[in-house]
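Remarks on the overall topology
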Amino acid sequence: MKKINSALISVYSKEGIEPIIRKLNELNVKIFSTGGTFDYIKSIGIEAIAVESITSYPSILGGRVKTLHPKIFGGILGRRELASDLTELQEYGIPEIDLVIVDLYPFEKTVVSTTNETEIIEKIDIGGISLIRAAAKNFKDVVIIPSVDEYTNLLSLLNEKQGYTEISDRKLFAAKAFNVSSHYDTHIFNYFNKEAQIPVFKQSILQSNSLRYGENPHQQAIYHGNISDYFHQLHGKEISYNNMLDIDAAIALITDFEETTFAIIKHNNACGLASRDKLIDAWKDALAADPISAFGGILICNRIVDEETALEINKLFFEIIIAPNYENNALEILKSKKNRIILQKKDFVLNNKQFKTVLNGVIAQERDALIEKPEDLKVVTHLLPTDKQISDMLFANILVKHTKSNAIVLVKDKQLLASGVGQTSRVDALKQAIAKAKSFGFALEGAVMASDAYFPFADSVEIACNEGIKAVIQPGGSVRDQDSIDFCNQHQLAMVFTGNRHFKH
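Just so it is clear, the structure is predicted and the values come from calculations on it, not from any experiment. (Residues numbered from 1 in each chain as written. Predicted model: local features only at pLDDT ≥ 70, side-chain atom pairs only at ≥ 80, totals over all residues. Heavy atoms only, no water.)

Once that is clear, we can look at empty space enclosed by the protein. Any space left empty among the atoms is revealed by the rolling of a water-sized probe across them. The full count for this structure, using the stated rule, is one cavity of 30 Å³ or more. As a volume, the largest cavity reaches approximately 30 Å³. In this structure, the largest cavity is lined by K2, K3, I4, D98, D141, V143, T165 and R170. Classifying every residue of the lining of the largest cavity gives two nonpolar, one polar and five charged. (1 Å grid on protein atoms, 1.4 Å probe; cavity = no way out; pocket = protein on both sides within 12 Å on 5 of 7 lines; lining within 4 Å. Points joined across faces, edges and corners; volume = space filled by probe spheres on them. Nonpolar A, V, L, I, M, F, W, Y, C, P; charged D, E, K, R; others polar.)

On to the state of the cysteines. Within the structure shown, the criterion is met by zero disulfides. Unpaired in this structure, C301 has its nearest cysteine sulfur neighbour in C271, at a distance of 15 Å. (Disulfide = S-S within 2.5 Å.)

With parallel pairing, five strands are arranged side by side in an open sheet as 4-3-2-5-6. Each having just a single partner strand, strand 4 (49-50) and strand 6 (143-145) make up the two edges of the open sheet. Packing against the sheet, helix 9 (residues 151-161) makes contact with strand 2 (6-11), strand 5 (99-103) and strand 6, and its axis sits at approximately 155° to strand 5. (Pairing = 2+ DSSP bridges. Helix = DSSP H or I, 4+ residues; strand = E, 2+ residues; numbered from the N terminus. Contact = heavy atoms within 4.5 Å. Axes fitted to C-alpha atoms, helices over the stretch in contact; angles between N-to-C directions.)

A few words now on helix 8 (residues 127-137). A turn of α-helix holds 3.6 residues, and therefore any two residues three or four places apart point the same way. Most of helix 8 sits inside the fold, with eight of its eleven residues counted as buried. Looking only at helix 8, the buried set comprises G127, G128, I129, L131, I132, A134, A135 and A136. Where helix 8 is buried, its residues contact strand 2, helix 4 (70-77), strand 5, strand 6 and helix 10 (167-196). (Buried < 20%, exposed > 50% of the residue type's maximum accessible area, 1.4 Å probe, protein only.)

Taking 1.5 Å of rise per residue, 15 residues should cover 21 Å, and helix 15 (residues 387-401) covers 21 Å from first to last C-alpha, within 8% of that figure. Buried residues of helix 15: Q389, D392, M393, L394, F395, A396, N397, I398, L399, V400 and K401, and no others. (Expected span 1.5 Å × (residues − 1).)

Here the second largest pocket defines a volume of roughly 480 Å³. In this structure, the second largest pocket is lined by 25 residues; those nearest its centre are G63, R64, K66, Y105 and D125. Of all the secondary-structure elements, those providing two or more residues to the lining of the second largest pocket are strand 2, helix 2 (35-43), strand 5, helix 7 (117-122) and helix 8. Within the lining of the second largest pocket, the residues separate by chemical class into nine nonpolar, ten polar and six charged.

Look at any regular strand and the pattern is simple: side chains alternate between the two faces of the sheet. With four of five residues buried, strand 19 (residues 408-412) is to be regarded as a mostly interior element. Bridging between strand 19 and strand 20 (residues 415-420) involves five bridges; their strand directions are antiparallel. Bridging across to strand 20, L410 finds its partner in A418. Linkage of strand 19 to strand 20, two consecutive antiparallel strands, is achieved through a turn of two residues, within which D413 is found at a positive phi near 55°. Two elements, strand 19 and strand 21 (residues 448-451), share four bridges in a ladder whose sense is antiparallel.

Take the side chain of D481 next. Locating D481 in the fold gives a position in helix 18 (residues 481-490). One buried charged side chain, D481, makes no salt bridge at all; its nearest oppositely charged neighbour is K378, positioned 8.3 Å away. Apart from the residues lying within four places of it in its own chain, the contact partners of D481 are Y454, F455, G476 and F497. (Lys, Arg positive; Asp, Glu negative; His and termini not counted. Salt bridge = Lys/Arg side-chain N within 4 Å of Asp/Glu carboxyl O.)

The omega torsion of the bond from S405 to N406 falls at -10°, within 30 degrees of zero and hence cis. For N406, the position within the fold is in the loop between helix 15 and strand 19. Of note, N28 is a non-glycine position whose phi angle comes to about 60°, a positive value. Tracing the sequence through the fold places N28 in the loop between helix 1 (18-26) and strand 3 (30-33). Take N28: its relative accessible area is 69%, and that puts it in the exposed class. The backbone of H267 shows a phi angle near 50°, a positive value even though the residue is not glycine. By secondary structure assignment, the location of H267 is in the loop between strand 11 (261-266) and strand 12 (269-275).

Glancing now at the pattern of salt bridges. Inspection of every chain in the model, using the stated rule, returns 22 salt bridges. Ionic pairing is found between K2 and D141, a salt bridge with its closest N-O pair at 3.2 Å. Of the two residues, K2 sits in strand 1 (residues 2-3) while D141 sits in the loop between helix 8 and strand 6, which places them 139 residues apart along the sequence. Overall, the relative accessible area of 6% leaves D141 in the buried class. Note that K388 and D413 form a salt bridge whose closest N and O atoms lie 2.6 Å from each other. You can see K388 sitting in helix 15 and its partner D413 sitting in the loop between strand 19 and strand 20, a full 25 residues away along the chain. Via salt bridges that share partners, R80, E96 and D98 belong to a single interconnected network.

Below you can see the structure in the form of structure tokens.
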């Protein structure tokens, strides 16, 4: 057990610090401080010693240098068990410091709020981060509080042990301190690396939540992040690991649609999708594509859910619904199921980088944010597609981009008729889609087909043609592209190339 006799306080955020200062004063702890923190402590009627009176140097360079001095860092790093260290502290008039409380300049928030580089650079904390590392290194003798997030824990400790700490307390705070400092430095590095493009993997997320389990009950899982940054959870049970995967897939899909659109997600793939003038019509047509798979699915739309639509949705068992907002009556209807998760999506942009662990390492790539437009299409057949076919093909092409490869999507009138998902051959994906469409009573005459990658042979367009499909959108790029083109020309099919593959694994 060690008693806290002195403390250095240098914090950016003063919120929540007053009770700590008053408790330290009650325990007769000598308080050192500087700058705005010193002024704050004096303003609440507590005595403090200015760091400048110890160092004999004022705050200089516009506040850039305040605590960076041997008389401060010696007091933190001095090893109390070493007689030689204690002798040097006494020789140079360096006071021992037993507690360091720091809250760093808000670099992350500044990067988000401004593009002014001068302002951003000034929010790189130098003295604070140095104090954190020094105090954490000397955890055998010093308690380090590295952020406002630990104020409550410190106050509880002071009240419980009346100014004493155990080695386990100090070591835990040291671990948290290095977590804060490494996170802070990671974000600074990533800011600079936007230009430098040094090929290294550095990511840091402070917040995390344990999930009930992973993909299966025998697997443990954690979500590193803060889901409340992206949604208001208005109702329902805790979100699971598999829910997180489906939610991510749902958000990525719906983001690519501007018209009133409803989608139903199952195992990261859309089993229903439609765009309509009215939300209720979009829902009904999305559900029609596969009402069996929709059971227990994830629903998402890009418009406010009204009462009429909620009444129809409520007839189906589903796990999650995501929307920008809900009418009051609609929300009450949807809340009728106790465990149903209801999420209100906030405005946010998905990260442009994606990461995946492989072979004990990490692969990273840019998100596939490409959305083809009419002017990007190259007509490769004699027959030109109609405007309606172009509209349907672009709709289908967005959807196939978000479908597990090998993927085929069949669309008519901006409604998903069926998709072939995750097949080892493109022909199998097409056959799966056709069989599924027929099982739910869809006529494929006049439909369009989208493929996530080129057709290596003409067999896929031949099968599609035999089912009445009249237009095809695909990337092109096969050495046998001409075989597919020739077949389309011989059988009055329109086909366009995008030049862009959209694999999703």
